[in-house]
Amino acid sequence: MANILTSPGKYVQGPGELKNLGTYAEKYGKKALILITASGYKRCGTLVEEGFQNSSAGFIFDYFNGECCKSEISRLTGIAGKEGCDMVIGIGGGKILDTAKAVAYEQSVPVLICPTIASTDAPCSALSVIYTDDGVFEEYLFLPANPNMVLMDTDIIAKSPVRLTIAGMGDALATYFEARACQTSGATSCAGGKVTSAAMALARLCFDTLMEEGIKAKLALEAGACTPSVEKIIEANTLLSGIGFESGGLAGAHAIHNGFTALEECHHMYHGEKVAFGTITQLVLENVSSDELEEIIDWCIELGLPVTLKELGISEVTDEKLMTVAKAACAENDTLHNMPFEVTPETVCAAIKAADAYGRYFLGE
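Residues numbered from 1 in each chain as written. Predicted model: local features only at pLDDT ≥ 70, side-chain atom pairs only at ≥ 80, totals over all residues. Heavy atoms only, no water.

Undergrad: Any chance you could break down the pattern of salt bridges for me, citing the residues and the numbers?
TA: Pairs may arise between side chains of opposite charge once their charged atoms sit close together. Going through the model one piece at a time under the given rule, you end up with 18 salt bridges. Two residues, Lys 101 and Asp 98, come together in a salt bridge whose shortest N-O distance is 3.3 Å. In this pair, Lys 101 and Asp 98 are both assigned in helix α4 (residues 94-107), 3 residues apart and thus about one turn of the helix distant. Among the residues examined, Asp 98 registers a relative accessible area of 5% and is labelled buried. Here the salt bridges share partners, and the residues they tie into one network are Glu 212, Glu 213, Lys 216 and Lys 232. (Salt bridge = Lys/Arg side-chain N within 4 Å of Asp/Glu carboxyl O. Helix = DSSP H or I, 4+ residues; strand = E, 2+ residues; numbered from the N terminus. Buried < 20%, exposed > 50% of the residue type's maximum accessible area, 1.4 Å probe, protein only.)

If you want it as structure tokens, here you go:
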């Protein structure tokens, strides 16, 4: 099998770039369906409209209903066809971006992705995570191509809630460890081939950036400052993690995240927060050294990422709940089987319990 690396057609990052969206968009089509939430429109809708004033491309807005599910994709696909839109633009967070990608795929038109937060590595990928109408993970929709363009306006992202960027760091934390597991097992990555040296280098750079710049970026964002550390973390959360996970592969951390979506009490937690705990659980499964485990748990604690089941919202922990998570994580179509050893619901359940115990220990509980 070939070694494969995949990436978006163009990646643009910098302050004030959203005002240039219309100029970028006219290179891809004549009329855009722009997906945005009502709150997102209040934040930056006027900026987008002003950016299209001198563009040859037209646009229509449609408000996103809140879940990347088949019914919402179908609804928006119908609107795109009816309105004659020849490109799709997603402005917002991970689920709206995944929906935009899926709608563009259904319509066979270009897609431009404009995150207003840096909370996941979804923007750059040729992948949409599909949930049920109720928000439970259903399946991955693997797309034939990555987004035509990803545009990160760091002025807007730096003004988003700090917790969202921290959640993005939790999501990005998994990138190197999952790629490492896939490289060891020889698993096929999301890109459809074996892991390239380039993907591993980007995944490692992602991890090193998180360790070096993460705490500095958190403090800067809390002070309302967009510093070089913030810029580096936005790139790590989005581009490095995006290419790293897709061309490096997914393994335990994201599958365990998917397992936790089966518990309603975890639904208020962000994707990256659950992935962070999933990463610790994967490291327990791998029986990594005490030093490596301690480094990751301490880093998560310093950032405020969850390291215990209680912090994930599970106030009453039962074997039944943990086995529900473990069985969902071990689903035949999920990525836990990319680990370089056999994994069962029983071993996953034990690892979750141990990860929780380690988290409580380092928290001094």
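Undergrad: So, the sheet that holds strand β3 (residues 58-63): which residues are in play, and what are the values?
TA: Pairing is parallel across the open sheet formed by 6 strands, whose spatial order is β1-β8-β5-β4-β2-β3. Only two strands of the sheet have a single partner each, and these edge strands are β1 (11-14) and β3. Adjacent strand axes in the sheet meet at a mean angle of 15° when their direction is disregarded. Note: strand β2 (residues 31-36) against strand β4 (residues 87-92), 4 bridges, orientation parallel. Its bridge partner lying in β4, Leu 33 is registered against Val 88. Sheet strands touched by helix α2 (residues 38-52): β2, β3 and β4. Its angle to β3, the strand with the most contacts, is close to 180°. Set on the sheet, helix α3 (residues 70-83) makes contact with β2 and β3; between it and β3 the angle comes to about 155°. (Pairing = 2+ DSSP bridges. Axes fitted to C-alpha atoms, helices over the stretch in contact; angles between N-to-C directions. Contact = heavy atoms within 4.5 Å.)

Distances and angles like these do not, on their own, reveal function.
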